[in-house]
Amino acid sequence: MKLSHTFAIALVGLKTHKSRSALTILGIVIGITAIILIMSLGKSAQDLILGQIQGLGSKTIVVIPGREPRGPSDVAQIFSDSLKERDLEALQKKSNVPTLSRVMPVLFGGDTASYLGETYRLTAFGATDLITELFDLSVAEGMFFSESDIQSRGSVVVIGSKVKQELFGNQGALGEKIKIKERNYRVIGILPKKGQVSFFNFDETAIIPYTTAQQYVFGIKHFHRFIVEATEESLIPQTVKDIELTLRENHGITDPDKDDFFVETQADLARRLGTITDILTLFLVSVAAISLVVGGIGIMNIMLVSVTERTREIGLRKALGATEADILNQFLLEAMTLTGTGGVLGIMFGAVLSFAASVILTRFVGLGWTFTFPVPAALIGLGVSALIGLVFGIYPAREASLKNPIDALRYE
Amino acid sequence: MALIEVEQLSKTYRDGATETRAVQGVSFQIHEGEFVAIMGPSGSGKSTILHIMGFLDTPTGGIYRFEGKHVRHYSDKERAHVRNRKMGFVFQAFNLLPRTTVYENVKLPLFYSDVPESEWDARVRSAIASVNLSHRAEYDTTRLSGGEKQRAAIARALVMNPPLIFADEPTGNLDSKSGAVVMETLQKLNEAHGRTIILITHETLTAEHAGRILHVRDGKIEVDIHVAQRRTAHSHEFSK
């Protein structure tokens, strides 16, 4: 019997039970939709994150206090105070790290700013004027603070566009004083609308000299990060090595396993975050895959019911000349048509939903989210759904094919 | 050579410790072109004999030769092919697919055949026309009367043009008028087209359409009578 004929018969079998067929494939539709949605969102999230990392510049290296987190017990290391002023001075010495072109200490934390009764929750960012080059920032109005503001712990601030809007509205902000932690800071510059740059949304940031931030905002003598720029991208590995040697010497560390800091390059960060999003996507896909198994069992259940219900039909077909293989193929194709249709619908729903999500995230959340349709995932989804039909359909189909024609015909 | 040869055929059903001997060593031959009615009360084993002859069931003892070949030497596939190409079945309960048209039902055996698809339509329409049901071809089978359903079933049995037709109580679910039409159709197939018809019935009136009657009781053949030598002779001539 021709495959096209078997398929035609299978289609008729399904068409005679339209609503049952539709309900049966629901499990598969939901499973495939979830997988496509997760994979699409996962891919877009990864693209977004990687795009932001690249926004920091390819020659940038970040020195982070504490041991490199390798497990949950290392979380406390995030609050380490190992990066100090003398480390900054050591790194700045050309003899220690010859390939380092510049280094900027950074402090950051959430804080509330107020102006004439208006308050706004922003990120206080302690840095040097190098921030303009490292993060490709420029002021829309006013100017940035200078080296002398850093030396004198000047109470000056450069604010993001959103901070300006929230505190001052349409009124001019330059020269006005905003209050952070009971201290007044004179607004000397306003950043243009910038959006997200490498995890920092500078629109919601107040940038002050790092010395001022240490003393008055955070009340600490250490730094949260060193942001280093190498002279050449190709010299990054050498720069990282020299930074590590310098800091180990400064901290009296001989065993690299006992480092109380770690150095991260853009490539490391991209790789690390890529791995995290991959694991997260895989985890979510596995959860969604459970629904596919449940859907598959649903298919098997319905196919078994269908085989029992159509026992007489099976007997009749055998009487009319169907072989065991014909019956097996008919029921197997019915199951695979069900799951295949479920797969196609799931892919369509998944694509529509992830597109809708990308529109929402771009329009209403303001993320630079791009819609990605995961073609490999769609193909795998289609394959998997057909496979589910095969796996969960084979038992009922075999039951059907092995029925003795006369017993089947006599079935009440 | 006889089309069907049965020697000491027996069939025993086992259900746990209970053993039912449905057929107990029957022997007979049926030649091409015969119209044979197998008669007997219910439970006599007549249907079992027909099912074994129609390759729908297997004997537990004795010999059954179809076209001279022992039934044991047919594989599952060959048995399916014989059912498809050489046998047509008409059942008491019609066994039409519900929610499907007469046309689609009659087409069913063609799916399992090697008849080229280009011939299907002509074959189906001619089979439907031969039972005078052309005006109902596109009707859903559930909308047909009992007699029409059975005629649709006969059309389905004829679509492959088989030389042998098995009819298992074809009038059992019909009123006498519809039953008469169905029997006339079968008789015509035998007389005018020389088809071998094997009919199962428990009604004497129905059996009288046949040229030969096998009376079965308690799994054994009681009597084997040729009621209308003239008609059988006629069909023998036709088949030559």
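Rules and cut-offs
- Residues numbered from 1 in each chain as written.
- Chains lettered and ligands numbered in written order.
- Predicted model: local features only at pLDDT ≥ 70, side-chain atom pairs only at ≥ 80, totals over all residues.
- Heavy atoms only, no water.
- Pairing = 2+ DSSP bridges.
- Helix = DSSP H or I, 4+ residues; strand = E, 2+ residues; numbered from the N terminus.
- Axes fitted to C-alpha atoms, helices over the stretch in contact; angles between N-to-C directions.
- Contact = heavy atoms within 4.5 Å.
- pLDDT = per-residue confidence, 0-100.
- Buried area = accessible area lost by both parts, 1.4 Å probe.
- Salt bridge = Lys/Arg side-chain N within 4 Å of Asp/Glu carboxyl O.
- Polar contact = N/O pair within 3.5 Å; in protein donor to acceptor, adjacent residues only side chain to side chain.
- Nonpolar A, V, L, I, M, F, W, Y, C, P; charged D, E, K, R; others polar.
- 1 Å grid on protein atoms, 1.4 Å probe; cavity = no way out; pocket = protein on both sides within 12 Å on 5 of 7 lines; lining within 4 Å.
- Points joined across faces, edges and corners; volume = space filled by probe spheres on them.
- Buried < 20%, exposed > 50% of the residue type's maximum accessible area, 1.4 Å probe, protein only.
- Core = buried A, V, L, I, M, F, W, Y, C linked by side-chain atoms within 4.5 Å.
- Phe/Tyr/Trp six-rings, centres within 6.5 Å; stacked < 30°, edge-to-face > 60°.
- Lys NZ or Arg CZ within 6 Å of the ring centre and 35° of its normal.

Colleague: Would you mind going over the sheet that holds strand β10 (residues 220-226) of chain B with me for this structure?
Modeller: One key point about sheets: their strands pair by backbone hydrogen bonds, in either a parallel or an antiparallel sense. Residues and elements named next belong to chain B. Across the sheet, six strands lie side by side as β6-β7-β8-β3-β9-β10; this open sheet has mixed pairing. Here the strands that pair on one side only, and so sit at the sheet edges, are β6 (87-91) and β10. On average, each strand axis in the sheet is tilted by 15° relative to the strand beside it, whichever way the strands run. Across five bridges, the pairing between strand β3 (residues 35-39) and strand β8 (residues 196-201) is parallel. Its bridge partner lying in β8, M39 is registered against T201. The sheet contacts of helix α2 (residues 76-86) involve β6 and β7 (164-168), and relative to β6 the element is tilted by about 80°. Against the sheet, helix α6 (residues 176-191) makes contact with β3, β7 and β8, and its axis sits at roughly 150° relative to β8, the strand it touches most.

Colleague: Is there a simple way to think about the sheet that holds strand β1 (residues 4-15) of chain B in this case?
Modeller: Residues and elements named next belong to chain B. An order of β2-β1-β4-β5 is seen for the four strands of this open sheet, with the pairing classed as antiparallel. The open sheet has two free edges, formed respectively by β2 (18-30) and β5 (69-70), since each of these has just one partner strand. Both strand β4 (residues 61-66) and β5 contribute to a ladder of two bridges, which runs antiparallel. Each bridged residue has a counterpart across the sheet, and for F66 the counterpart in β5 is K69. Its contacts with the sheet put helix α1 (residues 46-53) on β1, β2 and β4, and the angle it makes with β2 is roughly 60°.

Colleague: Can you walk me through the confidence of the model for chain B in this structure?
Modeller: Atom-level detail of predicted coordinates should not be read off regions where pLDDT is low. In the predicted model, chain B carries a mean pLDDT of 89, and the fraction of residues at 70 or more is 95%. When the criterion is pLDDT under 50, residues 230-240 of chain B qualifies, and its contacts beyond four places in sequence or with other chains add up to 19 contacts.

Colleague: Hey, could you run me through the interface of chain B and chain A in this one?
Modeller: How big an interface is tends to be reported as the loss of accessible area on association of its parts. Contacts between the two partners involve 24 residues from chain B and, on the opposite side, 24 residues from chain A. For chain B, the biggest contributors to the area lost against chain A are L56, F111 and Y112 of chain B; these three give 30% of the whole. Counting across the interface, chain B meets chain A through zero salt bridges. Counting every contact that joins chain B to chain A gives six residue pairs in polar contact (both at pLDDT 80 or more). For the side of chain B that touches chain A, the elements supplying multiple residues, two or more each, are α1, α2, β6, α3 (102-111) and α4 (117-130) of chain B. In terms of residue count, α2 of chain B provides more of the side of chain B that touches chain A than any other element does, five residues in total. Within the side of chain B that touches chain A, the residues separate by chemical class into 13 nonpolar, four polar and seven charged.

Colleague: I tried to follow empty space enclosed by the protein on my own but got confused; where do I start?
Modeller: Residues and elements named next belong to chain A. Applying the stated criterion across every chain, the model contains two cavities of 30 Å³ or more. Counted as a void, the largest cavity has a volume near 70 Å³. Around the largest cavity sit G13, L14, H17, R20, S21, T24, I302, M303, S306, R310, E334 and L338, which together line it. Contributions of two or more residues to the lining of the largest cavity are made by α1 (3-15), α2 (18-54), α9 (266-309) and α11 (324-363). Class assignment of the residues belonging to the lining of the largest cavity gives a composition of four nonpolar, five polar and three charged. When its volume is computed, the second largest cavity comes out at roughly 60 Å³.

Colleague: I keep staring at the pattern of salt bridges and nothing clicks. Help me out?
Modeller: Opposite charge on two side chains allows them to pair when their charged atoms are near. Residues and elements named next belong to chain B. This model, assessed by the stated rule, comprises 28 salt bridges over all chains. When the shortest N-O distance is used, the salt bridge between E19 and R14 registers 3.0 Å. For R14, a relative accessible area of 61% gives the class exposed. Two residues, K46 and E169, come together in a salt bridge whose shortest N-O distance is 3.8 Å.

Colleague: What is the right way to read the nonpolar core from this model?
Modeller: A general trend in soluble globular proteins is that nonpolar side chains are found buried together. Ranked by internal contacts, the top residues of the largest apolar core, which has 108 residues, are I4, M53, Y64, F66 and L186 of chain B. At seven residues, the largest contribution of residues to this core is made by α2 of chain A. In this structure, L186 of chain B is in contact with F35, I154, I165, A167, P170, I197 and L199 of chain B, ignoring residues within four places of it in sequence. Core analysis: the second largest hydrophobic core is formed by 61 residues, L137, I159, I243 and V263 of chain A among them.

Colleague: How should I be thinking about the environment of L205 of chain B in this particular structure?
Modeller: By the secondary structure assignment, L205 of chain B is in helix α7 (residues 204-207). Along the primary structure L205 of chain B and M1 of chain B are separated by 204 residues, whereas in three dimensions their C-alpha atoms are 31 Å apart.

Colleague: Would you mind going over the packing of aromatic side chains with me for this structure?
Modeller: The way to describe two aromatic rings as a pair is by their centre distance and the angle between their planes. Scanning the entire structure with this criterion turns up 15 aromatic pairs over all chains. With a centroid separation of 5.9 Å and an interplanar angle of 75°, the aromatic rings of F55 of chain B and Y64 of chain B are classed as edge-to-face. Both residues of the pair, F55 of chain B and Y64 of chain B, belong to the buried class. One aromatic cluster in this structure is built from F108, F125, F135 and F202 of chain A. Above the ring of Y74 of chain B, the side-chain terminus of K69 of chain B is found at 4.6 Å from the ring centroid. Taking the ring centre of Y139 of chain B as reference, the NZ or CZ of R143 of chain B above it sits at 4.3 Å.

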